[in-house]
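# Observations on the three-dimensional arrangement
What follows is the residue order along each chain.
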Protein chains: 2
Amino acid sequence: MTKNKKVNAAILIIGNEILSGRTQDTNTTTLALWLNSIGVKVQEVRVIPDIENIIIETVNHLRKVSDYVFTTGGIGPTHDDITAQSISKAFGIKYEIHKEAYKILEAYYKPGEFNEGRQKMVWMPENANLILNPTSGAPGFNVENVFCLPGVPSILKSMLGGLKNRIVGGDPILSHTISLRTVESEIANSLTKVQDDNVDVEIGSYPFFQAGKLGVSIVIRSEDQSRIIKCNNQILKFVKEKNIEVVDR
Amino acid sequence: MTKNKKVNAAILIIGNEILSGRTQDTNTTTLALWLNSIGVKVQEVRVIPDIENIIIETVNHLRKVSDYVFTTGGIGPTHDDITAQSISKAFGIKYEIHKEAYKILEAYYKPGEFNEGRQKMVWMPENANLILNPTSGAPGFNVENVFCLPGVPSILKSMLGGLKNRIVGGDPILSHTISLRTVESEIANSLTKVQDDNVDVEIGSYPFFQAGKLGVSIVIRSEDQSRIIKCNNQILKFVKEKNIEVVDR
C-alpha cells in the first residue's frame, strides 16, 4: 500500500462480558485513536459473543471488506478463550503449538509455573506472526490482515507500540475542533451549507454540557489540512455573523 | 412473544465520533444492562458511520435476525443526523412531519424558539410510534421492532423508563459472580470441566487487578437459577480443593 491512499480497518470486540453490559469496552477508543494517528480510519466496529461459528463468519467477512481487522479478547487460558482456534478455522489453517511463543512463555514464567493452563496460550494458527506483550508475556498474533490482541485494556495498550511498523497507513486523518457557546439548532442550516460545499470533508456536530452551560463542538476531519482550514474559515464566518462565542474546551 | 422464550436484541451505534475515538460509547453498557433486566439478551453490537446506505443496509439486516434493534445517535437537528431519514428508506415508508412530535416540540419551546433547525427533529417515518423524552423534548421513535434513541447518554437513559412496556422480554437473564484470589491458568482446567458439564450455562472468566493483587471473577449467566446454583457449587468445590481464597468484589 502506498501513501495518499485511504486505508481502513474494522475492530472486532469478542466477549460476552461486553454484550451483557458487565464490562465497559474501552479498547475501541484506544485502537481508533491509535489507528487514526497512523493514517488508518476505522470504518466499522462489531461486538460479538464467544461463539466459534460467529467469530469465524464475522472475521471472514471483515477481513475481505477491510484493509485491516483488529480483534480484542479471547486469547487467554480459559475455556471461553476461543479466538486463536476460531481464527485458525476462519483461515483454514492448522491450530498448533507456536514454537516461538512457547519459548517466550517458558522463559517468562518461573520453573514449574508454565502449567497446562498457560500452555493453552501458545496454541495459535500455524505460522502466525507474534505480537509481543511487554506486560504479561503471552503474545498476540496476526495472520494476513487480521491482528489479534487481548481484551485487558492495559495489556492491549502496551502492545500497540510493537505493532506500528507492521501497519501501513495512508495519510494521517487530521482533525480540528471548534467549540461554540450555542445550541445545534442555531447553527444547523449554516453548517449544512458548509458541509454541502465540502462534501469530501467529514463535519460532525456534537452538543456538550460544561460548567452548567450548553455548547456545541464542531469536528472537521480530513486527510488534507487545506480542506480543514477552508471549512474552519467558513464556519468562523457564520459564527461571527451570528455573534456566537467561541469557547475553549 | 410469550415468556420462557429467549428474546434477543442488536444494538446499532450510529456515529463517526465513536469510530474516530473522539467519543467513548457508554450507551451499549446502559442498554445491555437495562435489556438484561427485562429479559432481553444483546447478541450483537455494531458501530457504523453517519452514511445513509450503510445505515439502511445494517438496519435491514439486523431487524431480520434480531427480535429487537436499538439504534443510538443521529436524531438531532444537524446535517449529520440522518437516522430518521435512513430508517424511513430502510422500511420503504414516507419520511414526513410527525404531527404528534410537532405538537410536543411546539409546546416544549418558548414562542419563536421552535425554529427550522429544531423542526427537523419532527421529521420521521410515517406513523412512527414516539418514544418520549423527558430531558430535552425531542422524542425518539420506533417502527416495528426498531427503536431509535438519541446518542447523548443522559438523554438516552431518561427515555428507557417510558419504553419498558413496549418491549416483551423473555425470562430475565440471571447472573452470579464468584471472585477469587488466583490467576486464570490455575483454574482453567477445572472451569472447563464445569462448563462442559453445563453446556447451556454461560460461564465467563475475567482477570482483575485490585488493591495491588491479581484475581479472577467467574461470571455464571442463565435464565434458570437452579443451573446457576449447580455451577456455583461445582466451582466452590474445586476452589476449596485448591485452597483458593474467595474475595468480595
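Note: the structure precedes this text.
What you see is a predicted model; the values in this text were computed from it and never measured. (Residues numbered from 1 in each chain as written. Chains lettered and ligands numbered in written order. Predicted model: local features only at pLDDT ≥ 70, side-chain atom pairs only at ≥ 80, totals over all residues. Heavy atoms only, no water.)

Right, let's talk about the sheet that holds strand β10 (residues 202–210) of chain B for a bit. Residues and elements named next belong to chain B. Ordered in space as β10-β11-β9-β12, the 4 strands form an open sheet in which the pairing is antiparallel. Of all strands in the sheet, those bounded by a partner on one side alone are β10 and β12 (245–247). Geometrically, the sheet is characterised by an average inter-axis angle of 35 degrees between neighbouring strands, direction not taken into account. When strand β9 (residues 174–181) meets strand β11 (residues 213–222), the two strands line up antiparallel, connected through 7 bridges. By the bridge assignment, L180 is partnered in β11 with V216. (Pairing = 2+ DSSP bridges. Helix = DSSP H or I, 4+ residues; strand = E, 2+ residues; numbered from the N terminus. Axes fitted to C-alpha atoms, helices over the stretch in contact; angles between N-to-C directions.)

All names here are of chain B. Burial analysis of strand β3 (residues 68–72) places 5 of its 5 residues in the buried class, which makes it a mostly covered element. A two-sided burial pattern is seen for β3, the buried positions comprising Y68, F70 and T72 on one face and V69 and T71 on the other. Relative to strand β8 (residues 146–149), β3 runs parallel, the two being bridged by 4 bridges. Of the residues in β8, the one forming a bridge with T71 is C148. (Buried < 20%, exposed > 50% of the residue type's maximum accessible area, 1.4 Å probe, protein only.)

This paragraph deals with the nonpolar core. If you look at the biggest cluster of nonpolar residues, it comprises 52 residues, and the most contacted ones within it are F70 of chain A together with F70 of chain B. Beyond its immediate sequence surroundings of up to four residues, F70 of chain B is in contact with A9, A10, I11, L12, L31, W34, L35, F147, L149, L163 and I167 of chain B. (Core = buried A, V, L, I, M, F, W, Y, C linked by side-chain atoms within 4.5 Å. Contact = heavy atoms within 4.5 Å.)

The partner chain A presents 52 residues to the 52 residues of chain B that form the contact. Summed over both sides, the interface of chain B with chain A buries roughly 4,100 Å², with 51% coming from carbon and sulfur. Put simply, chain B and chain A have 0 salt bridges between them. Inspection of the region where chain B meets chain A yields 22 residue pairs in polar contact (both at pLDDT 80 or more). Those elements giving two or more residues to the side of chain B that touches chain A turn out to be α1 (16–19), α2 (27–37), β2 (40–48), α6 (116–119), α8 (184–197), β10 and β11 of chain B. In terms of residue count, α8 of chain B provides more of the side of chain B that touches chain A than any other element does, 8 residues in total. Here the residues of the side of chain B that touches chain A are counted per class, giving 17 nonpolar, 22 polar and 13 charged. In this sheet, β2 of chain B lies alongside strand β2 (residues 40–48) of chain A in antiparallel orientation, the contact comprising 3 bridges. (Buried area = accessible area lost by both parts, 1.4 Å probe. Salt bridge = Lys/Arg side-chain N within 4 Å of Asp/Glu carboxyl O. Polar contact = N/O pair within 3.5 Å; in protein donor to acceptor, adjacent residues only side chain to side chain. Nonpolar A, V, L, I, M, F, W, Y, C, P; charged D, E, K, R; others polar.)

A few words on the packing of helix α3 (residues 52–65) of chain A against helix α4 (residues 83–91) of chain A. Helices that pack against each other are described as a pair by the angle of their axes relative to one another and the distance between those axes. Residue and element names in this part refer to chain A. Contact geometry of α3 with α4 gives a least axis separation of 9 Å together with a crossing angle of 55 degrees. Judged by the angle between their axes, α3 and α4 are oblique. In this structure, the crossing between α3 and α4 has a hand that is right-handed. Contact residues: α3 offers E52, I55, I56, V59, N60 and R63, while α4 offers Q85, S86, I87, K89, A90 and F91. Considered class by class, the residues forming the contact of α3 with α4 number 6 nonpolar, 3 polar and 3 charged. (Parallel < 35°, antiparallel > 145°, perpendicular 65-115°, else oblique. Left-handed = near helix turned anticlockwise from the far one by under 90°.)

Once that is clear, we can look at the side chain of R46 of chain B. Here R46 of chain B shows up in strand β2. Residue classification places R46 of chain B among the buried residues on the basis of a relative accessible area of 9%. At 2.5 Å, the side chain of R46 of chain B and the side chain of E44 of chain B are in polar contact. Polar contacts involving the side chain of R46 of chain B include one to the side chain of H61 of chain B, which spans 3.5 Å. The residues touching R46 of chain B, leaving out its near neighbours within four places in the chain, are E44, V45 and R46 of chain A together with I11, L12, I13, T58, H61 and L62 of chain B.

Bringing the relation of the copies chain B and chain A into the picture now. Relative to chain A, chain B is turned by 180 degrees and slid 0.0 Å along the rotation axis, the superposed coordinates differing by an RMSD of 0.0 Å. Classification of the inter-copy transformation places it as that of a two-fold axis. Scanning chain B for the C-alpha nearest the rotation axis identifies R46 of chain B, at a separation of 2.2 Å. A symmetric contact is evident, with 100% of the interface residues of chain B recurring at the interface of chain A. (Least-squares fit on C-alpha atoms with pLDDT ≥ 70 in both.)

All names here are of chain A. One open sheet holds the 4 strands; their spatial order is β10-β11-β9-β12, and the pairing between them is antiparallel. Every interior strand has two partners, whereas the edge strands, β10 (202–210) and β12 (245–247), have only one. The average undirected angle you get between the axes of adjacent strands in this sheet is 35 degrees. Seen against the sheet, helix α8 (residues 184–197) touches β9 (174–181), β10 and β11 (213–222) and runs at an angle of roughly 165 degrees to β10. Its contacts with the sheet put helix α9 (residues 225–241) on β9, β10, β11 and β12, and the angle it makes with β9 is roughly 10 degrees.

Next up on the list: the environment of P125 of chain A. Structurally, P125 of chain A can be placed in strand β5 (residues 123–125). Spatially, the C-alpha atoms of P125 of chain A and N233 of chain A are 52 Å apart, while their sequence positions differ by 108 residues.

The next thing to look at is the packing of aromatic side chains. Residue and element names in this part refer to chain A. If you walk through the whole model with that rule in mind, you get 16 aromatic pairs over all chains. Ring-pair connections join several aromatic residues into one group, and the members of that group are W34, Y68, F70 and F147. Of note, R63 hangs over the ring of F91, and the distance from its end group to the ring centre comes to 3.8 Å. (Phe/Tyr/Trp six-rings, centres within 6.5 Å; stacked < 30°, edge-to-face > 60°. Lys NZ or Arg CZ within 6 Å of the ring centre and 35° of its normal.)

Residue and element names in this part refer to chain B. Most of helix α4 (residues 83–91) sits inside the fold, with 7 of its 9 residues counted as buried. Every buried residue of α4 is listed here: T83, A84, S86, I87, S88, A90 and F91. Backbone geometry just after α4 places G92 at a positive phi near 65 degrees.

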